[in-house]
Amino acid sequence: MQRGRSDVEELAEDESGEELLLSSDRSRQAHITSSSSAEASLRLAFAKFQSTVSAHSPMESNQAKPSLLASESDSQRTLSPYVTGTSVVALKYKDGILMAADMGGSYGSTLRYKSMSRMTPVGKHSLLGASGEISDFQEICKYLDELILHDSMWDDGNSLGPKEVHNYLTRVMYNRRNKFDPFWNSLVLGGVKKGEKYLGMVSMIGLSFVDDHVATGFGNHLARPILRDEWREDLSFEDGVKLLEKCMRVLLYRDRSAVNKLQIAKITEEGVTISQPYSLKTFWGFTAFNNPTAGAEGS
Amino acid sequence: MSRFSPYDNNGGSCVAIAGADYCVIASDTRMSTGYNILTRDHSKIYKLADKCILASSGFQADMKALQKLLAARHLIYQHQHNKQMSCPAMGQLLSNTLYYKRFFPYYTFNVLGGLDNEGKGCVYTYDAVGSYERVGYSAQGSGSVLIMPFLDNQLKSPSPLLLPAQV
């Protein structure tokens, strides 16, 4: 297994042989998910090697590796994330779901992008928030657009609710993990359909669950305990926003990849509203911060 | 950057005890990862057939996939045989399904409980790759090392080779 190679080496290497293996394996591998994601990944693979049209059948006919081994020698998958978003926090309230995420996209330790919207509506009934690799989130949005489109093309009066979208996302994430090519995201899926509120989460290895409040990344450590203490059934909109802001403020103080520009999204039976970006008030005038090394050894 | 691991252990334990004409299956509902609790209300028990219930601890994404697979296979069985699968039959199917992924296993520690063809309680206990055995009682998961000795103490009948105490 070639895990130790740097990304530069992989890019410089002749990609035609490996990419061919990638596309033929992807077309051979059976997806448990709906066919639309299989088509999407096929299309992806084809788009990638439009430049290497020449070397086709000779390579394909010789390589007959079983799919598991082939995917392990694949060099195209995400080995580590590049541009990442930090935590997403969400909770159920009286009329639906409230979700908050800041607008930062970090490039390692640099806070490179400060206007990345990490929440998006899905169909009529759901709201998706993502942390982790932003490009994978954008890819997932494309898959979901296709899912919703095909669903509406049936024109049967039915529309996919949050439970269905959550299940679809779980299957997509799980199947990518099976191929050792995960979407490097933690997804939060919330929605309301026919009065029933739904809030769930999917991790990058396909682990999924539902709960009254969820948080990804650092939110798990910092926001979840606050929510466990202070969340209650049937919060009003104002109380819900206050509680979310409390969680986001703690994350702003303590998470180094948080930026002070966030959006709060709400989804109710009527639909999705994502707020304009705004900042939280912070206070740094604590006496302990003024002279932090007072009394320390050697200060 | 730490290497991507496709597995995670979400903790929890499952127990099943077989009686003369009943079977009891139990599990806790905590789902955790590392030192974090993800949710306090996630069931590890799944009804596969009328007389057959599966409880699994370990990696919950694999558990979900396993449940869906077995449920689909059971539906096909019902269409082909016009009856529900018996617990011993489901036991064999589960073992084969687990071994099918011998070289990229389902990280699940399963206990299958139900009633056999004669109506007596039965419990099957599995490891992650499908080796299984019918037993009178079993525990799997993070608490199994604490639960099994207790069940042995209460439910295991003494060996006939045990000498009576000297007065």
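Scoring rules and cut-offs
- Per chain, residue numbering runs from 1 following the sequence as it is written.
- For naming, the first written chain is A and the first written ligand is 1, with later ones following in the order written.
- Predicted model: local features are reported for residues with pLDDT of at least 70 only, side-chain atom pairs are reported and counted for 80 or more only, and whole-chain, interface and lining totals are derived from all residues.
- By convention in this description, side-chain values take in all heavy atoms of the structure and omit both hydrogens and water.
- Runs of E in the DSSP output that reach at least two residues are strands. Runs of H or I that reach at least four are helices, and both are numbered from the N terminus.
- Three exposure classes are used, based on accessible area relative to the maximum for each residue type with a 1.4 Å probe and protein chains only: buried under 20%, partly exposed in between, and exposed over 50%.
- Note on contacts: a residue pair qualifies if any of its non-hydrogen atoms lie within 4.5 Å across the two residues.
- Note that accessible areas follow from Shrake-Rupley with a 1.4 Å probe, and for residues the cover is restricted to the protein chains shown.
- By the counting scheme adopted, Arg and Lys are positive, Glu and Asp are negative, and His together with the chain ends is not counted.
- By convention, the charge on Lys lies at NZ, on Arg at CZ, on Asp at CG and on Glu at CD.
- Note on terminology: pairs of cysteine sulfur atoms within 2.5 Å are recorded as disulfides.
- The term salt bridge refers to a side-chain nitrogen of Lys or Arg lying within 4 Å of a carboxyl oxygen of Asp or Glu.
- We treat two strands as partners when DSSP finds at least two bridges between them.
- Axes, fitted as lines to C-alpha atoms, cover a helix only where it is in contact. Angles between the N-to-C directions of the axes lie from 0 to 180 degrees.
- By nonpolar core is meant a set of buried Ala, Val, Leu, Ile, Met, Phe, Trp, Tyr and Cys residues that side-chain atoms within 4.5 Å join together.
- One confidence number per residue, pLDDT, is output by the predictor and ranges from 0 to 100.
- Joining two parts hides part of their accessible area as seen by a 1.4 Å probe, and the buried area is that hidden amount summed over both.
- Polar contacts, as counted here, are pairs of nitrogen or oxygen atoms within 3.5 Å of one another; within protein the pair requires one atom able to donate a hydrogen and one able to accept it, and residues that are adjacent in sequence qualify only if both atoms are side-chain atoms.

Regarding the overall build of chain B
The secondary structure content of chain B amounts to 3 helices and 10 strands. Overall, chain B shows an N-to-C arrangement of helices and strands of β-β-β-β-β-β-α-α-β-β-β-β-α. In terms of overall dimensions, chain B has C-alpha extents of about 65 × 50 × 30 Å along its principal axes. Within chain B, the fraction of its 167 residues that count as buried is 46%. For chain B, restricting intrachain contacts to residue pairs at least 6 apart in sequence, the fraction spanning at least 24 positions comes to 56%. When the accessible surface of chain B is split by element, carbon and sulfur atoms take 56% of a total near 9,300 Å². The distance from the centre of the 15 positive side-chain charges to the centre of the 11 negative ones in chain B is 6 Å.

What to know about the state of the cysteines
Residues and elements named next belong to chain B. Under the counting rule described, the total for this entry stands at 0 disulfides over all chains. Cysteine C14 shares no disulfide, and the gap to the nearest cysteine sulfur, in C23, comes to 13 Å. Owing to a relative accessible area of 0%, C14 belongs among the buried residues under this scheme. Note on C87: no disulfide assigned, nearest cysteine sulfur contributed by C122 at a separation of 3.5 Å.

Some thoughts on the pattern of salt bridges
This model, assessed by the stated rule, comprises 13 salt bridges over all chains. Between K142 of chain A and E139 of chain A there is a salt bridge, with the nearest N and O atoms lying 3.7 Å from each other. A residue pair is termed a helical-turn pair when its members lie 3 or 4 positions apart in one helix, as K142 of chain A and E139 of chain A do in helix α6 (residues 134-153) at 3 residues. Under the relative-accessibility criterion, K142 of chain A is labelled exposed at 53%. Between K120 of chain B and E118 of chain B there is a salt bridge, and its shortest N-O distance comes to 3.1 Å. On the basis of relative accessibility, which here comes to 63%, the residue E118 of chain B falls in the exposed class.

Some points on the sheet that holds strand β12 (residues 262-268) of chain A
Strand pairing in a sheet takes place through backbone hydrogen bonds and is either antiparallel or parallel in direction. Residues and elements named next belong to chain A. Across the sheet, 5 strands lie side by side as β11-β2-β3-β12-β13; this open sheet has antiparallel pairing. Edge strands, defined here as strands with exactly one partner in the open sheet, are β11 (213-215) and β13 (271-274). Averaged over all adjacent pairs, the angle separating strand axes in this sheet is 10°, with direction ignored. Note: strand β2 (residues 88-92) against strand β3 (residues 96-102), 5 bridges, orientation antiparallel.

Brief notes about the nonpolar core
Ranked by size, the top nonpolar core spans 45 residues in total, and within it M99, V188 and V214 of chain A together with L70, M90, L94 and L112 of chain B carry the most contacts. If sequence neighbours within four positions are ignored, L70 of chain B has contacts with L48, L54, M90, L93, L94 and T97 of chain B. If you look at the next biggest cluster of nonpolar residues, it comprises 22 residues, including A100, L227, L243 and A258 of chain A.

Notes on the sheet that holds strand β7 (residues 108-115) of chain B
All names here are of chain B. Pairing within the open sheet is antiparallel, and its 5 strands lie in the order β5-β6-β7-β8-β9. Among the strands making up the open sheet, the edge pair consists of β5 (45-49) and β9 (132-135). Each strand of the sheet is rotated relative to its neighbour by a mean of 25°, with strand direction disregarded. As defined by bridge partners, strand β6 (residues 52-58) adjoins β7 across 7 bridges and the pair is classed as antiparallel. Across the sheet, the residue bridging to S56 is N110, located in β7.

As for the confidence of the model for chain B
When pLDDT is averaged across chain B, the result is 94; 98% of the residues are at 70 or more. ipTM for the predicted complex: 0.92, alongside a pTM of 0.80.

Focus: the interface of chain B and chain A
Contacts between the two partners involve 26 residues from chain B and, on the opposite side, 25 residues from chain A. The contact between chain B and chain A buries some 2,200 Å² in all, and 59% of this surface belongs to carbon and sulfur atoms. By the criterion of area lost to chain A, the three top residues of chain B are F4, L38 and F104 of chain B, representing 30% of everything that side buries. Our count for the contact surface shared by chain B and chain A stands at 1 salt bridge. With a shortest N-O distance of 3.4 Å, R177 of chain A and D62 of chain B are connected by a salt bridge. Put simply, chain B and chain A have 8 residue pairs in polar contact (both at pLDDT 80 or more) between them. Breaking the side of chain B that touches chain A down by element, the ones donating at least two residues are β4 (36-39) and α1 (60-81) of chain B. Per-element tally for the side of chain B that touches chain A: the top contributor is α1 of chain B, with 6 residues.

Remarks on the confidence of the model for chain A
As a note on interpretation, predicted positions should not be read in detail where pLDDT is low. Looking at chain A, pLDDT values average 81 and 74% of them are 70 or higher. Here residues 1-72 of chain A is a poorly scored stretch, pLDDT under 50, and it has 80 contacts once near neighbours within four places are set aside; other chains count.

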